[in-house]
Amino acid sequence: MHLKGKTALVTGSTSGIGLGIARALAAAGANLVINGFGDADAIETERKGLEELSGGKAIHDAADLMRPDAIAAMFARIEGELGGVDILVNNAGMQFVSPVEDFPVEKWDAIIALNLSAAFHTIRHTVPGMRRKGWGRIIGTASAHSLVASPFKSAYVTAKHGLVGLTKTVALEVADAGVTVNCISPGYVWTPLVENQIPDTMKARGLTRDQVINDVLLASQPTRQFVTIEQVAALAAFLTRDEAANITGANLSVDGGWTAA
Ligand code: NAD
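Predicted model, so just to flag it, every value in this text is computed and none were measured. (Residues numbered from 1 in each chain as written. Predicted model: local features only at pLDDT ≥ 70, side-chain atom pairs only at ≥ 80, totals over all residues. Heavy atoms only, no water.)

Caption draft 1: Geometry of the site of the ligand. Residues in contact with the ligand amount to 30 residues; listed here are only the nearest, S15, N91, Y156, V189 and T191. Within the backbone of L65, an N or O atom sits 3.0 Å from a nitrogen atom of the ligand. Contact with the protein chains hides 92% of the accessible area of the ligand, taken as 840 Å² for the molecule alone. Mapped onto the shell around the ligand, the elements with two or more residues apiece are α1 (16-27), α5 (154-174) and α6 (192-205). With 3 residues, the single largest contributor to the shell around the ligand is α6. (Near = heavy atom within 4 Å. Polar contact = N/O pair within 3.5 Å; in protein donor to acceptor, adjacent residues only side chain to side chain. Areas by Shrake-Rupley, 256 points an atom, 1.4 Å probe, with all protein chains shown as cover. Helix = DSSP H or I, 4+ residues; strand = E, 2+ residues; numbered from the N terminus.)

Right under this line is the structure:
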């Protein structure tokens, strides 16, 4: 319970990796702000579950992170209700698979807005409070695609490489303020984001579903296993500990050996 009295905002935490990170931070005692879309009853059940885990408060804010004004409103609400953000996890993200010459312009803009620019906005709202308190943790869910590319994912690979650049830059700016800034870069984790890209990958590469899973997704990972949500969440929770105070500006891979190749 090393995070008792601290507040964590995890973007895109109504599903997948973000929800796993929210649970791990709540288990360490943090108040939680979960963010993202989905079924209202399911979100309320998760919210209550987080309060049971932490013994603290959990709120849901459905800010659309593609809109800087909605991000600003969410931060104003968190300041009023929970006294600001001590742990920021920039996790929300989306994927779209298409050859670059056919890549829909609106999908490019949406992926850059959500996977990259949203992190700039959340960080600029968060840093002043962390500086005042002399403590903070900023974590981005990047991807193996922050280090290597795959064809047909131009916007996603661009945004994830950019997120690492933002992470390193801000890490240097706040290094003397008790604030660490890092990325976690998972390989393939079985979540709706991966499930949803299978049909487009089948189309783009002319493959069956099983071929996409075994010959495209798991082929990248020497362990031949999907990374689990819990494995990513455990590393995020470790980064919030005092033992991690000198890990900053890092991009930590959890990818079954993918980027070692
Ligand atoms: P997911 O689709 O399960 O969850 C995405 C979350 O983002 C959901 O809570 C959704 O409601 C939210 N979201 C979507 N659009 C939003 C918006 N405009 N505003 C606010 N919230 C929004 O995805 P996931 O697989 O858990 O991915 C989470 C992060 O992990 C992403 O950044 C993704 O790029 C990254 N990642 C995933 C994998 C993987 O294999 N699943 C691998 C590496 C990195």
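Still more ground to cover, so stick around.
Caption draft 2: Structural detail: the environment of D102. Relative to the helices and strands, D102 resides in the loop between β4 (87-90) and α4 (105-133). According to the relative accessible area criterion, D102 is exposed, its value standing at 51%. The spacing of D102 and E81 is 21 residues in sequence and 45 Å in space, taken between C-alpha atoms. (Buried < 20%, exposed > 50% of the residue type's maximum accessible area, 1.4 Å probe, protein only.)

Caption draft 3: Region of the structure containing the pattern of salt bridges. Throughout the structure, instances matching the rule amount to 10 salt bridges. The partner of R47 in a salt bridge is E51, with the nearest N and O atoms 3.1 Å apart. Remark: E51 and R47 occur in helix α2 (residues 40-54); sequence separation between them is 4 residues, near one turn of the helix. A relative accessible area of 24% places E51 in the partly exposed class. Across the salt bridge formed by E243 and R241, the nearest N and O atoms sit 3.4 Å from each other. The exposure class of E243 is exposed, given its relative accessible area of 54%. Here R241 falls in the partly exposed class, since its relative accessible area comes to 32%. (Salt bridge = Lys/Arg side-chain N within 4 Å of Asp/Glu carboxyl O.)

Caption draft 4: Main features of the packing of aromatic side chains. In this structure the tally under the stated criterion is 3 aromatic pairs. Between Y188 and W258, the ring centres sit 5.1 Å apart and the planes meet at 20 degrees, which makes this aromatic pair stacked. Linking Y188 in the loop between β6 (179-186) and α6 with W258 in the segment after β7 (251-254), this pair joins segments that are 70 residues apart in sequence. Each member of the pair, Y188 as well as W258, carries the same accessibility label: buried. Ring centres of W190 and F226 lie 5.1 Å apart, and the angle between their planes is 70 degrees; this geometry places the pair in the edge-to-face category. One end of the pair, W190, is in the loop between β6 and α6; the other, F226, is in the loop between α7 (209-217) and α8 (229-239), with 36 residues separating them in the sequence. Judged by its relative accessible area of 23%, F226 is partly exposed. (Phe/Tyr/Trp six-rings, centres within 6.5 Å; stacked < 30°, edge-to-face > 60°.)

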